[in-house]
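# Reading the structure
Now for the letters of each chain:
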Amino acid sequence: MKAIAIDTSNLTLGVAIVEDTKVVGEYVTNIKQNHSVRAMPAVEWLMQECSITPGELDRVIVAGGPGSYTGLRIGVSIAKTLAWTLNIPLASVSSLEVLAAGGCYFNGFICPIFDARRGQVYTGLYEYADGDLLNRRNDQNLLLSDWLLELKKEEKQILFIGNDVSLHQELIIEVLGDQAVIASMTEHNPRPAMLGKIGLMKEPVDIHTFVPNYIRLAEAEVKWLEQQK
């Protein structure tokens, strides 16, 4: 099975083409530039570089959130349009699961972090067991200070992974001490090839009804609901 994987859910822009057990090609950047003008050119460039035509694809895989509201909409819109136009299945993978998957050689819990502002984070808790990545705590949005107190009750070391970990590293170490392990620089970018690998094993979603997993409402939506009360 040959698939294209697209991740625009956060600052990192990633596109990969995977085929069964092989990574055919991968494109990753971690820069502050608009995904809306860079995502499709990246898709087109990678397919040209790999000499793959759209008709050769068997599946489209997208990072489905949580993350940036705008970023998620861009990636999901591209993925849905490709899948619908090519009449091939669409699969979605948690953006946090993709990030956590980078800790495959860590013997303990893996905690992916996306900053959600005002002391909050998008996070979850994962662990590898017999080669499989397992979700130990569901993806959620909460205050990091509260989350760290919960994690302090665990008896295992915890790997914190993600580009936004650096924003909160001081607090993480202050609360957890030696229980906390900070991933290396090369592990912090979510890999689109990993997204593709996981997505090949996921059940397809309905192209027309699928929406990103925002976890929480946008600030504008919250204010609108408050005004309606």
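Our structure's up above, just so we're on the same page.
Bear in mind that the values here come from a model prediction, so they are computed numbers and not experimental data.

## Concerning the packing of aromatic side chains
Applying the stated criterion across every chain, the model contains two aromatic pairs. Ring centres 5.2 Å apart and planes at 25° place the aromatic pair Tyr 69 and Tyr 214 in the stacked group. Within this pair, whereas Tyr 69 is found in helix H2 (residues 69–86), its partner Tyr 214 is found in the loop between helix H6 (192–199) and helix H7 (219–228), the two being separated by 145 residues in sequence. We note Lys 156 situated over the ring of Phe 109; from NZ or CZ to the ring centre the distance is 5.0 Å.

## Focus on the pattern of salt bridges
For the coordinates displayed, the defined rule picks out eight salt bridges. The closest approach of N and O atoms between Lys 202 and Glu 97, which form a salt bridge, is 3.4 Å. Of the two residues, Lys 202 is situated in the loop between H6 and H7 and Glu 97 in helix H3 (residues 95–100); the sequence distance between them amounts to 105 residues. Across the salt bridge formed by Glu 154 and Arg 137, the nearest N and O atoms sit 2.8 Å from each other. With a gap of 17 residues between them, Glu 154 in the loop between helix H4 (144–151) and strand S9 (158–161) and Arg 137 in strand S8 (residues 132–143) connect regions that are remote in the sequence. Put simply, Lys 2, Glu 19 and Glu 56 are held in one network by salt bridges that share partners.

## Overview of the sheet that holds strand S4 (residues 59–63)
Strand order in this open sheet of five strands is S3-S2-S1-S4-S5, and the pairing throughout is mixed. Of all strands in the sheet, those with a lone pairing partner are strand S3 (22–29) and strand S5 (90–93), marking the two edges. Looking at each pair of strands side by side, their axes are set apart by 15° on average, direction ignored. Both S4 and S5 contribute to a ladder of four bridges, which runs parallel. Following the sheet pairing, Ile 61 is matched in S5 by Ala 91.

## Some remarks on unusual backbone geometry
Residue Pro 66 is bonded to the preceding Gly 65 through a cis peptide linkage, with omega at 5°. By the element assignment, Pro 66 lies in the loop between S4 and H2.

## A short note on the pairing of S5
Every second residue of S5 is oriented toward a common face, with Leu 90 and Ser 92 on one face and Ala 91 and Val 93 on the other, all of them buried. Read from S4 through H2 to S5, the crossover connection turns out right-handed.

## What to know about the sheet that holds S9
Across the sheet, which stays open at both edges, the five strands sit in the order S8-S7-S6-S9-S10 with mixed pairing between neighbours. Each of the sheet's edge strands pairs with one partner strand only, and the pair in question is S8 and strand S10 (180–182). Strand-to-strand twist of the sheet, defined as the mean angle between neighbouring strand axes without regard to direction, takes the value 25°. As paired strands, strand S6 (residues 109–117) and strand S7 (residues 120–129) are joined by six bridges and run antiparallel to one another. Bridge pairing links Ile 113 to Thr 123 in S7. Its contacts with the sheet place H4 against S6, S7, S8 and S9, and it is angled at close to 140° to S8.

## Focus on the packing of H4 against helix H5 (residues 165–176)
It is at 10 Å that the axes of H4 and H5 come closest, and there the two elements cross at 35°. Considering how the two elements wind past one another, H4 and H5 form a crossing that is right-handed. Here H4 contributes Leu 144, Ser 145, Leu 148, Leu 149 and Leu 151 to the contact with H5, which in turn contributes His 168, Leu 171, Ile 172, Val 175 and Leu 176. Its residues assigned to classes, the contact of H4 with H5 shows eight nonpolar, two polar and no charged.

## Section: the environment of Phe 109
Structurally, Phe 109 can be placed in strand S6. Each C-alpha atom of the pair Phe 109 and Asn 135 lies 9.7 Å from the other, and the pair is 26 residues apart in sequence.

## Let's talk about the pairing of S9
The two faces of S9 match: Ile 158 and Phe 160 on one face and Leu 159 and Ile 161 on the other face are all buried. Inspection of the sheet shows S6 paired to S9 by four bridges, in the parallel sense. Residue pairing for S9: Cys 111 is matched across the bridge by Phe 160. For S9 and S10, the ladder comprises three bridges, and the chain directions are parallel. Looking at the pairing, Ile 158 lines up with Ala 180 of S10. Crossover connection from S9 via H5 to parallel S10: handedness right-handed.

Cut-offs and rules
Residues numbered from 1 in each chain as written. Predicted model: local features only at pLDDT ≥ 70, side-chain atom pairs only at ≥ 80, totals over all residues. Heavy atoms only, no water. Phe/Tyr/Trp six-rings, centres within 6.5 Å; stacked < 30°, edge-to-face > 60°. Helix = DSSP H or I, 4+ residues; strand = E, 2+ residues; numbered from the N terminus. Lys NZ or Arg CZ within 6 Å of the ring centre and 35° of its normal. Salt bridge = Lys/Arg side-chain N within 4 Å of Asp/Glu carboxyl O. Pairing = 2+ DSSP bridges. Axes fitted to C-alpha atoms, helices over the stretch in contact; angles between N-to-C directions. Buried < 20%, exposed > 50% of the residue type's maximum accessible area, 1.4 Å probe, protein only. Right-handed = clockwise from strand over helix to strand, strands pointing away. Contact = heavy atoms within 4.5 Å. Left-handed = near helix turned anticlockwise from the far one by under 90°. Nonpolar A, V, L, I, M, F, W, Y, C, P; charged D, E, K, R; others polar.

On their own, these measurements won't tell you what the molecule is for.
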